[in-house]
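# Examining the three-dimensional arrangement
Take a look at the letters that make up each chain.
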Amino acid sequence: MRKKLIAGNWKMNNTPAEAKALINSALPLLKGAACDVAMCVPAVDLAIASELLSGSGVMLGAQNMHWASAGAYTGELSAAMLLAVGASCVILGHSERRQYFAETDETVGKKTRAALAAGLLPVVCVGELKEERLGGQTDKVVTRQTRVALDGLTSEQTISLVVAYEPVWAIGTGLVATDEQANETIGVIRSVIKDMFGESTANAVRILYGGSMNAANAAGLLAQPEIDGGLIGGASLKANDFAAIVKAAS
Ligand code: PGA
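So, here's what we can say about the structure. (Residues numbered from 1 in each chain as written. Predicted model: local features only at pLDDT ≥ 70, side-chain atom pairs only at ≥ 80, totals over all residues. Heavy atoms only, no water.)

This part covers the sheet that holds strand 7 (residues 206-210). Strand pairing in a sheet takes place through backbone hydrogen bonds and is either antiparallel or parallel in direction. The eight strands are arranged 1-2-3-4-5-6-7-8 in a closed barrel whose pairing can be described as parallel. For this sheet, the mean inter-axis angle between neighbouring strands, taken without regard to orientation, is 25°. Both strand 2 (residues 36-40) and strand 3 (residues 59-62) contribute to a ladder of three bridges, which runs parallel. The partner of Ala-38 across the bridge, within strand 3, is Met-59. On top of the sheet, helix 9 (residues 179-197) reaches strand 5 (121-126), strand 6 (162-165) and strand 7; it is set at about 145° to strand 7, its chief contact. (Pairing = 2+ DSSP bridges. Helix = DSSP H or I, 4+ residues; strand = E, 2+ residues; numbered from the N terminus. Axes fitted to C-alpha atoms, helices over the stretch in contact; angles between N-to-C directions. Contact = heavy atoms within 4.5 Å.)

Written out as structure tokens, the structure is:
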């Protein structure tokens, strides 16, 4: 049985003061959650979030990192820096980073290997564009993204990461994938992992769905056999909505 994970992705929202208010209103609602819960916050919120989440059982995550351990990379953060401020997970290769910040399958792979080597839990994002789905390319795209991101890993490392399937056309659009579409494509990703690392690894890896998941549609998505949780954008910014999704997964 894979334990479900609900991870909030705040994106570029919330100052430290706003982060404090949101965490303080969410934490009481998250008590007794029977799934894993994470909040992936902007870098400037990591310190305050770490303080507030300490001892709560909610994991703290970042939204990006560099693959190098240190050096002349203006504006970047290393895995060691994220760990030092209390993060235990990190979103890698989100489609917004691929789209606006030129991240490639190869850089996502480098980051994944660096995060695992440092002891962070990577949440590796894959997903097709609308044109790719309409053109029947979905399986091909997620297969390529998964293969390159996980290239060179051991089975043990693969079990210690999370994949998030986020169809780009469903992110922030209110256009959620149907339960069946999400389940089917996550099944494809799992079969790629099976091909690369064998059946027991594929059965152990958690694969989340992300893209307009909310309090109303979460239960249906989370009831699908392949879907091991959610990466939640918009709905993670409201304590009640986020808590309702966590409840649906518990
Ligand atoms: P959304 O974002 O829930 O707002 O669609 C999900 C994500 O991008 O991780």
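So that's the structure; there's more coming.
Let's shift gears to the site of the ligand. By nearness alone, 13 residues border the ligand, and Lys-11, His-94, Glu-166, Gly-172 and Ser-212 come closest of all. Between the ligand and Lys-11 there is a distance of 2.7 Å, counted from an oxygen atom to a side-chain nitrogen or oxygen. Between Glu-166 and the ligand, the recorded distance is 2.7 Å, taken from a side-chain N or O atom to an oxygen atom. Out of a free accessible area of 280 Å², the ligand has 95% covered by protein chains. Residues belonging to the shell around the ligand are distributed by class as follows: four nonpolar, seven polar and two charged. (Near = heavy atom within 4 Å. Polar contact = N/O pair within 3.5 Å; in protein donor to acceptor, adjacent residues only side chain to side chain. Areas by Shrake-Rupley, 256 points an atom, 1.4 Å probe, with all protein chains shown as cover. Nonpolar A, V, L, I, M, F, W, Y, C, P; charged D, E, K, R; others polar.)

Time to look at the side chain of Arg-190. Mapped onto the fold, Arg-190 is located in helix 9. When neighbours within four sequence positions are excluded, Arg-190 is seen to be in contact with Arg-2, Ala-202, Val-205, Ile-207, Glu-226 and Asp-228.

To continue, consider helix 2 (residues 46-53). Looking only at helix 2, the buried set comprises Leu-46, Ala-49 and Leu-53. Axial view of helix 2: buried residues confined to an arc of 65°, hence all on one face. Buried positions along helix 2 lie against helix 1 (16-30), strand 2, strand 3 and helix 3 (79-84). Downstream of helix 2 by a residue or two, Gly-55 has a phi angle that is positive, lying close to 80°. (Buried < 20%, exposed > 50% of the residue type's maximum accessible area, 1.4 Å probe, protein only. Arc of directions from axis to C-beta.)

Moving on: the pattern of salt bridges. According to the stated counting rule, one finds 12 salt bridges in the structure shown. Put simply, Lys-3 and Asp-36 hold a salt bridge, and the shortest N to O gap is 3.2 Å. With a gap of 33 residues between them, Lys-3 in the segment before strand 1 (5-9) and Asp-36 in strand 2 connect regions that are remote in the sequence. Where Asp-36 meets Arg-206, a salt bridge forms, and the shortest distance between an N and an O atom there is 2.8 Å. With Asp-36 in strand 2 and Arg-206 in strand 7, the pair connects residues that are 170 residues apart, well separated along the chain. (Salt bridge = Lys/Arg side-chain N within 4 Å of Asp/Glu carboxyl O.)

This part is about the side chain of Thr-185. By secondary structure assignment, the location of Thr-185 is in helix 9. Apart from the residues lying within four places of it in its own chain, the contact partners of Thr-185 are Arg-133, Thr-138, Val-142 and Tyr-165.

What follows concerns the packing of helix 7 (residues 138-150) against helix 9. The interhelical angle for the contact between helix 7 and helix 9, taken along N-to-C directions, is 40°, at an axis separation of 9 Å. As far as their axial angle goes, helix 9 and helix 7 are oblique. Of the two elements, helix 7 crosses helix 9, and the hand of that crossing is right-handed. Counting all contacts with helix 7, which are made through Thr-138, Asp-139, Val-142, Thr-143, Thr-146, Arg-147 and Leu-150, the residues of helix 9 involved are Thr-185, Val-188, Ile-189, Val-192, Ile-193, Asp-195, Met-196 and Phe-197. Of the residues contributing to the contact of helix 7 with helix 9, the split by class is eight nonpolar, four polar and three charged. (Parallel < 35°, antiparallel > 145°, perpendicular 65-115°, else oblique. Left-handed = near helix turned anticlockwise from the far one by under 90°.)

In this structure, Lys-11 is a non-glycine residue whose phi angle is positive, near 55°. Along the polypeptide, Lys-11 turns up in the loop between strand 1 and helix 1. Within the chain, Asn-14 stands out as a residue other than glycine whose phi angle is a positive 85°. As for its placement among the helices and strands, Asn-14 is situated in the loop between strand 1 and helix 1. Here Asn-14 falls in the partly exposed class, since its relative accessible area comes to 21%.

This part is about the packing of aromatic side chains. Taken as a whole and assessed by the stated rule, the structure comprises two aromatic pairs. Taking 6.5 Å as the distance between ring centres and 85° as the angle between the ring planes, the aromatic pair formed by Tyr-100 and Phe-101 counts as edge-to-face. Grouping residues by exposure puts Tyr-100 and Phe-101 together as exposed. (Phe/Tyr/Trp six-rings, centres within 6.5 Å; stacked < 30°, edge-to-face > 60°.)

Everything listed is a geometric property; what it means functionally is a separate question.
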